[in-house]
Amino acid sequence: MDADSDVALDILITNVVCVFRTRCHLNLRKIALEGANVIYKHDVGKVLMKLRKPRITATIWSSGKIICTGATSEEEAKFGARRLARSLQKLGFQVIFTDFKVVNVLAVCNMPFEIRLPEFTKNNRPHASYEPELHPAVCYRIKSLRATLQIFSTGSITVTGPNVKAVATAVKQIYPFVFESRKEIL
């Protein structure tokens, strides 16, 4: 087994965060009273609205900015955001769906081997930081992709990046480095 051999790694996307604007002022009290699946956070000045399908949670501000979390793909995030805009239109607001942007993608990937974290950190020093007294994982940053990877000794890797493509590229880039620090099976 070598680092160049094609190994199929399953990258499971667990959360996609997106932002969009409605281009109109939103009356939070009206949304709280007339909307479905709504939590009004008056002290913070926002409304939380949940959709069942796709399963997303939206944070709505009166300025018209909305953040959606909980989707498992970029397409599902956009579909959920559009459904949310439509439900606000049905409440009587002049919503125009604009400035949609995927802001963050969180994914998990499991390597088929365990990793020696001290050796990995020593070999990749400027990008990798490992503080076992604070956190059980190595924090590895790829500045060009704006991705952060949390690498655990079990072989589990949590990747945070700006989009799905960056997350997949980050896993592809880290595999050879992780492979050379794998634990040998006796």
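Thresholds, definitions, all that
- Residues numbered from 1 in each chain as written.
- Predicted model: local features only at pLDDT ≥ 70, side-chain atom pairs only at ≥ 80, totals over all residues.
- Heavy atoms only, no water.
- Salt bridge = Lys/Arg side-chain N within 4 Å of Asp/Glu carboxyl O.
- Helix = DSSP H or I, 4+ residues; strand = E, 2+ residues; numbered from the N terminus.
- Buried < 20%, exposed > 50% of the residue type's maximum accessible area, 1.4 Å probe, protein only.
- Phe/Tyr/Trp six-rings, centres within 6.5 Å; stacked < 30°, edge-to-face > 60°.
- Lys NZ or Arg CZ within 6 Å of the ring centre and 35° of its normal.
- Expected span 1.5 Å × (residues − 1).
- Bend = angle between axes of the 7 residues up to and from the residue.
- Contact = heavy atoms within 4.5 Å.
- Pairing = 2+ DSSP bridges.
- Axes fitted to C-alpha atoms, helices over the stretch in contact; angles between N-to-C directions.
- Core = buried A, V, L, I, M, F, W, Y, C linked by side-chain atoms within 4.5 Å.

## Looking at the pattern of salt bridges
So, point 1. With the rule as written, the count across this model stands at three salt bridges.
So, point 2. A salt bridge links Lys-183 to Glu-114; the shortest N-O distance between them is 3.6 Å. Taken together, the residues span a long stretch of sequence, with Lys-183 in the segment after helix H4 (164-180) and Glu-114 in the loop between strand E6 (98-110) and helix H3 (117-123) at a distance of 69 residues.
So, point 3. Judged by relative accessible area, which is 40%, Glu-114 ranks as partly exposed.

## A closer look at the packing of aromatic side chains
The relation between two aromatic rings is expressed through the spacing of the ring centres and the mutual angle of the planes.
So, point 1. According to the stated counting rule, one finds six aromatic pairs in the structure shown.
So, point 2. Judged by centre distance (5.7 Å) and plane angle (80 degrees), the rings of Phe-113 and Phe-179 are edge-to-face. Of the two residues, Phe-113 is situated in the loop between E6 and H3 and Phe-179 in helix H4; the sequence distance between them amounts to 66 residues. Of the two residues, Phe-113 and Phe-179, neither departs from the other in class, the shared state being buried.
So, point 3. Seen from their ring centres, Phe-120 and Tyr-140 are 5.8 Å apart, and the 50 degrees between their planes marks the pair as tilted. Placement of the pair is Phe-120 in helix H3 and Tyr-140 in strand E8 (residues 138-142), with a sequence separation of 20 residues.
So, point 4. An aromatic cluster is defined as three or more aromatic residues linked by ring pairs; in this entry it consists of Phe-20, Phe-97 and Phe-100.
So, point 5. Directly above the ring of Phe-93 sits Lys-30, whose terminal nitrogen or CZ lies 5.4 Å from the centroid.

## Some words on H4
So, point 1. Given a rise of 1.5 Å per residue, 17 residues ought to cover 24 Å, and the 26 Å separating the end C-alpha atoms of H4 matches this to within 8%.
So, point 2. Where H4 bends most, the angle comes to about 35 degrees, and this point is Ile-174, followed within four residues by the proline Pro-176.
So, point 3. Turning to H4, its buried residues number three or more, namely Ala-166, Val-167, Ala-170, Val-171, Ile-174, Tyr-175, Val-178 and Phe-179.
So, point 4. Residues of H4 that are buried make contact with strand E1 (11-21), E6, H3, E8, strand E9 (147-151) and strand E10 (156-161).

## Considering the sheet that holds strand E7 (residues 128-130)
So, point 1. Ordered by their spatial adjacency, 10 strands build an open sheet running E2-E3-E4-E5-E1-E6-E10-E9-E8-E7, and the pairing between neighbours is antiparallel. Each having just a single partner strand, strand E2 (38-41) and E7 make up the two edges of the open sheet. The sheet shows a mean angle of 15 degrees between the axes of neighbouring strands, direction not considered.
So, point 2. Direction of pairing for strand E4 (residues 56-61) relative to strand E5 (residues 65-71): antiparallel, over a ladder of four bridges. Counterpart to Ala-58 in the pairing with E5 is Cys-68.
So, point 3. Of the strands in this sheet, E1, E6, E8, E9 and E10 are in contact with H4, which crosses E10 at around 140 degrees.

## Remarks on the nonpolar core
So, point 1. Residues Ile-31, Ile-60 and Ile-151 are the most contacted members of the largest nonpolar core, which totals 52 residues.
So, point 2. Take this core: its biggest share by element is seven residues, from H4.
So, point 3. Excluding residues within four positions of it along the chain, Ile-31 makes contact with Leu-26, Val-38, Val-47, Met-49, Ile-60, Leu-88, Leu-91 and Phe-93.

The quantities given are spatial measurements derived from coordinates; they are silent on function.
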